[in-house]
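One letter stands for each residue in the lines below.
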Amino acid sequence: GAVVSQHPSRVICKSGTSVKIECRSLDFQATTMFWYRQFPKQSLMLMATSNEGSKATYEQGVEKDKFLINHASLTLSTLTVTSAHPEDSSFYICSAMGTGIHEQYFGPGTRLTVT
Amino acid sequence: AQSVTQLDSHVSVSEGTPVLLRCNYSSSYSPSLFWYVQHPNKGLQLLLKYTSAATLVKGINGFEAEFKKSETSFHLTKPSAHMSDAAEYFCYLGGSQGNLIFGKGTKLSVKP
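In what follows, the accompanying structure is described. Bear in mind that the values here come from a model prediction, so they are computed numbers and not experimental data. (Residues numbered from 1 in each chain as written. Chains lettered and ligands numbered in written order. Predicted model: local features only at pLDDT ≥ 70, side-chain atom pairs only at ≥ 80, totals over all residues. Heavy atoms only, no water.)

## Examining the overall build of chain B
Thinking step 1. When helices and strands are tallied, chain B shows 0 helices and 12 strands.
Thinking step 2. Mapped in sequence order, the helices and strands of chain B form the string β-β-β-β-β-β-β-β-β-β-β-β.
Thinking step 3. Computed over its C-alpha atoms, the radius of gyration of chain B comes to 13 Å, within 12% of the 13 Å expected for a compact globule of 112 residues.
Thinking step 4. In terms of overall dimensions, chain B has a C-alpha envelope of 40 × 30 × 20 Å along the principal axes.
Thinking step 5. Counting all 112 residues of chain B, 46% fall into the buried class.
Thinking step 6. Long-range pairs, those at least 24 residues apart, make up 55% of the contacts in chain B between residues at least 6 apart in sequence.
Thinking step 7. Each charge class in chain B was averaged separately, 10 positive and 7 negative side chains, and the resulting centres sit 4 Å apart. (Helix = DSSP H or I, 4+ residues; strand = E, 2+ residues; numbered from the N terminus. Rg over C-alpha atoms; globule rule 2.2 N^0.38 Å. Buried < 20%, exposed > 50% of the residue type's maximum accessible area, 1.4 Å probe, protein only. Contact = heavy atoms within 4.5 Å. Lys, Arg positive; Asp, Glu negative; His and termini not counted. Charge placed at Lys NZ, Arg CZ, Asp CG, Glu CD.)

## A few points about the interface of chain B and chain A
Thinking step 1. At the junction of the two partners, chain B supplies 20 residues and chain A supplies 16 residues.
Thinking step 2. Roughly 1400 Å² of surface becomes buried between chain B and chain A when both sides are summed, with 55% attributable to carbon and sulfur atoms.
Thinking step 3. Of all residues in chain B, Leu44, Leu100 and Phe102 of chain B bury the most surface against chain A, accounting for 32% of the area lost on that side.
Thinking step 4. Where chain B meets chain A, there are 0 salt bridges.
Thinking step 5. At the boundary of chain B and chain A, one finds 3 residue pairs in polar contact (both at pLDDT 80 or more).
Thinking step 6. Listing elements by their share of the side of chain B that touches chain A, those giving two or more residues are strand E5 (32-38), strand E6 (44-50), strand E10 (87-94) and strand E11 (100-102) of chain B.
Thinking step 7. By residue number, the principal contributor to the side of chain B that touches chain A is E5 of chain B, which donates 4 residues.
Thinking step 8. Tallied by class, the residues present in the side of chain B that touches chain A amount to 8 nonpolar, 9 polar and 3 charged. (Buried area = accessible area lost by both parts, 1.4 Å probe. Salt bridge = Lys/Arg side-chain N within 4 Å of Asp/Glu carboxyl O. Polar contact = N/O pair within 3.5 Å; in protein donor to acceptor, adjacent residues only side chain to side chain. Nonpolar A, V, L, I, M, F, W, Y, C, P; charged D, E, K, R; others polar.)

## Considerations on the pattern of salt bridges
Thinking step 1. All told, the structure shown has 5 salt bridges over all chains when counted by the stated rule.
Thinking step 2. Between Asp88 of chain A and Lys66 of chain A there is a salt bridge, with the nearest N and O atoms lying 2.9 Å from each other. Of this pair, Asp88 of chain A sits in the loop between strand E8 (76-81) and strand E9 (90-97) while Lys66 of chain A sits in the loop between strand E6 (57-58) and strand E7 (67-73), and the two are 22 residues apart along the sequence.
Thinking step 3. We classify Asp88 of chain A as buried; its relative accessible area is 4%.
Thinking step 4. A salt bridge links Lys58 of chain B to Glu64 of chain B; the nearest nitrogen and oxygen atoms lie 2.8 Å apart.
Thinking step 5. Given a relative accessible area of 62%, Lys58 of chain B falls into the exposed group.

In structure tokens form, the structure reads like this:
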């Protein structure tokens, strides 16, 4: 099946710094990628939908200036958490839309800890 | 409005006994429905999907789900639970606008 990778798998950063997370579709072209955030013991929260070559569509309540998303190619989308704060600590998961309707392939996730 | 309801936040079964994880949906369109599993600190893995073909869908690891339009349900079942099945399970609905609607998840515990 299709494979989606994320890098890094874990990152610890200091408050006020920025962190970039990469999401790659390894064996297929993904015109649409999604970024999710998951709080402990909770479901996934969709943050934004990223379409290749265009601006991301953010969900209500998600700060687009804080969570910068770039989808410059059909195989790579990046999420940059700018000026990170401890409350940004979370598990971030990306997914890429497969060829099947609504089917997504998920990355393994990135654990962000802001100290 | 479209929605997904996972009726149980936590299900506990004994190893070797059947598993039933419930998911109900609301959609005015013909839905696409999916079950995913998430092991601790891991990403999500697709278990199975319904996209208007056969109503009984077989997935990986012995799981299956039956789409019942009359009951607006897509419950996930497995005849015999294994310790390795302990995880969080998410049902989601593919929305008519291309959006994706997740249930809140069901944590499955398996007792030896």
